Amino acid sequence: MPQQTIAIIPARMESSRFPGKPLATICGIPMILHVWKRVSLSKSLTDVYVATCNQEIIDVIEAAGGKAIMTANTHERCTDRTQEAVEKIGGADIVVNIQGDEPFVTPEMIDLAVNAILADESLSCTNLMSRITDLETLQDPNEVKVVFDTKMDALYMSREPIPSLKKGGAFDSAWKQVCVIPFRWDFLKHFSLLEPTPLEIRESVDMMRAIEHGYKVRMVPCEATGISVDTEEDRLEAERLMAEDALFHRLFR
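Since the model is a prediction, treat every value here as computed from it, not as a measurement.

Caption draft 1: Main features of the overall build of the protein. Scanning the protein for helices and strands turns up ten helices and twelve strands. A compact globule built from 253 residues would reach a C-alpha radius of gyration of about 18 Å, and the protein, at 17 Å, matches this within 12%. Oriented by its inertia axes, the alpha-carbon framework of the protein measures out at about 50 × 40 × 35 Å. Considering the protein as a whole, with its 253 residues, one finds that 55% of them fall into the buried category. Residue pairs in contact within the protein that sit at least 24 positions apart in sequence constitute 69% of those at least 6 positions apart.

Caption draft 2: Local environment of the pattern of salt bridges. One pass over the full model with this rule turns up 13 salt bridges. Between Asp245 and Arg38 there is a salt bridge, with the nearest N and O atoms lying 2.5 Å from each other. In this pair, Asp245 sits in the loop between α9 (232-242) and α10 (246-252) while Arg38 sits in helix α1 (residues 31-39), placing the two residues 207 residues apart along the sequence. The same class applies to Asp245 as to Arg38, namely buried.

Caption draft 3: Region of interest: α9. Within α9, the full set of buried residues consists of Asp234, Arg235, Ala238 and Met242. Looking straight down α9, one finds its buried side chains confined to an arc of 100 degrees; they lie on one side. Summarising the contacts, the buried residues of α9 are in contact with β2 (25-26), α1 and α10.

Caption draft 4: View of the sheet that holds strand β10 (residues 175-177). If you walk across this open sheet you meet the five strands as β9-β8-β10-β7-β12, and the pairing is mixed. Where the open sheet ends on each side, the last strands, each with one partner, are β9 (154-158) and β12 (218-221). If you compare each strand with its neighbour and ignore which way they point, the axes differ by 40 degrees on average. The pairing of strand β7 (residues 126-131) with β10 spans three bridges and is classified as antiparallel. For Met129, the partnering residue across the bridge sits in β10 and is Gln177. The strands touched by helix α4 (residues 107-118) within the sheet are β7 and β12, with β7 carrying the most contacts at an inclination of about 130 degrees.

Caption draft 5: Representation of the pairing of strand β8 (residues 145-148) in the model. Sheet analysis places β8 next to β9, joined by four bridges and oriented antiparallel. Bridge assignment links Phe148 to a residue of β9, and that residue is Ala154. Counting the residues between successive antiparallel strands, the hairpin from β8 to β9 contains five residues, one of them, Met152, with a positive phi of roughly 75 degrees. As judged from the two bridges shared by β8 and β10, these two strands associate in the antiparallel manner. Across the sheet, Lys145 pairs through a bridge with Lys176, a residue of β10.

Caption draft 6: Broad picture of the environment of Val105. Residue placement: Val105 occurs in the loop between β6 (94-98) and α4. Judged by relative accessible area, Val105 falls into the buried class, the value being 1%. On a C-alpha basis, the gap between Val105 and Val180 in space is 8.4 Å, while along the polypeptide they are 75 residues apart. Sequence-distant contacts of Val105, defined by excluding residues within four places in its chain, comprise Val35, Arg38, Val39, Ile98, Ile110, Val180 and Leu247.

Caption draft 7: Structural context of the sheet that holds strand β1 (residues 5-11). Strand order in the open sheet formed by five strands is β5-β4-β1-β6-β11, with mixed pairing between adjacent strands. Strand pairing shows two members of the sheet lacking a second neighbour, β5 (68-70) and β11 (180-184), which therefore form its edges. Each neighbouring strand pair of the sheet contributes to a mean axis angle of 25 degrees, computed without reference to strand direction. Strands in contact with helix α2 (residues 55-63) are β1, β4 (47-52) and β5; relative to β5, the strand with the most contacts, it is inclined by about 160 degrees.

Rules of the game
- Residues numbered from 1 in each chain as written.
- Predicted model: local features only at pLDDT ≥ 70, side-chain atom pairs only at ≥ 80, totals over all residues.
- Heavy atoms only, no water.
- Helix = DSSP H or I, 4+ residues; strand = E, 2+ residues; numbered from the N terminus.
- Rg over C-alpha atoms; globule rule 2.2 N^0.38 Å.
- Buried < 20%, exposed > 50% of the residue type's maximum accessible area, 1.4 Å probe, protein only.
- Contact = heavy atoms within 4.5 Å.
- Salt bridge = Lys/Arg side-chain N within 4 Å of Asp/Glu carboxyl O.
- Arc of directions from axis to C-beta.
- Pairing = 2+ DSSP bridges.
- Axes fitted to C-alpha atoms, helices over the stretch in contact; angles between N-to-C directions.

Here it is, written out as structure tokens:
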């Protein structure tokens, strides 16, 4: 039977690193609208929702014709906010968690991640990743780095440079997490009931909860371009890149 696959885009105004960033503009458009518009183009999805605890975000999405769900303001992890939103919707087969600060996400990226989980019934979740090719990104604490085993399952995620820079080439095995993460809904429900783990808290990385509890997170390589926006400097760089982005001109020009 066809799978019901929905995307949830968690967003909140209270980011410690960049307060108000979902509504920060990139080329005159609120960032959350960039993400929602791009995600909505994916042919793998049956519906798209923004999950937030801020009425101003809901107002922007609904004014643009989108769907938004009010969630609690107590969530410390975006994955937990995603699960609450799915419960309010009434469930789905596959739930794709897509961060609201990824304004360069493409429908092809979503299709790639979803196809990977649909192709292997043993997988509970998948997570996109892309290569790191410069030292600045490798050392940036806003970028989550990942190492994985021979089956492409994540071993560890950190905001520190991993693997070690002391031996070997700096970029021969350097990858970063891209926050497009499909879950089977039964696993997402289970995930939300798991106790937060020490390394999840220390690294401030949701998926460490799954890894520490012994569950597989299958990493899926992608040719991601652009940047996630975590600071005002990132927003300015995003504006520069967005001005030359073909999908942006297709959607907003």
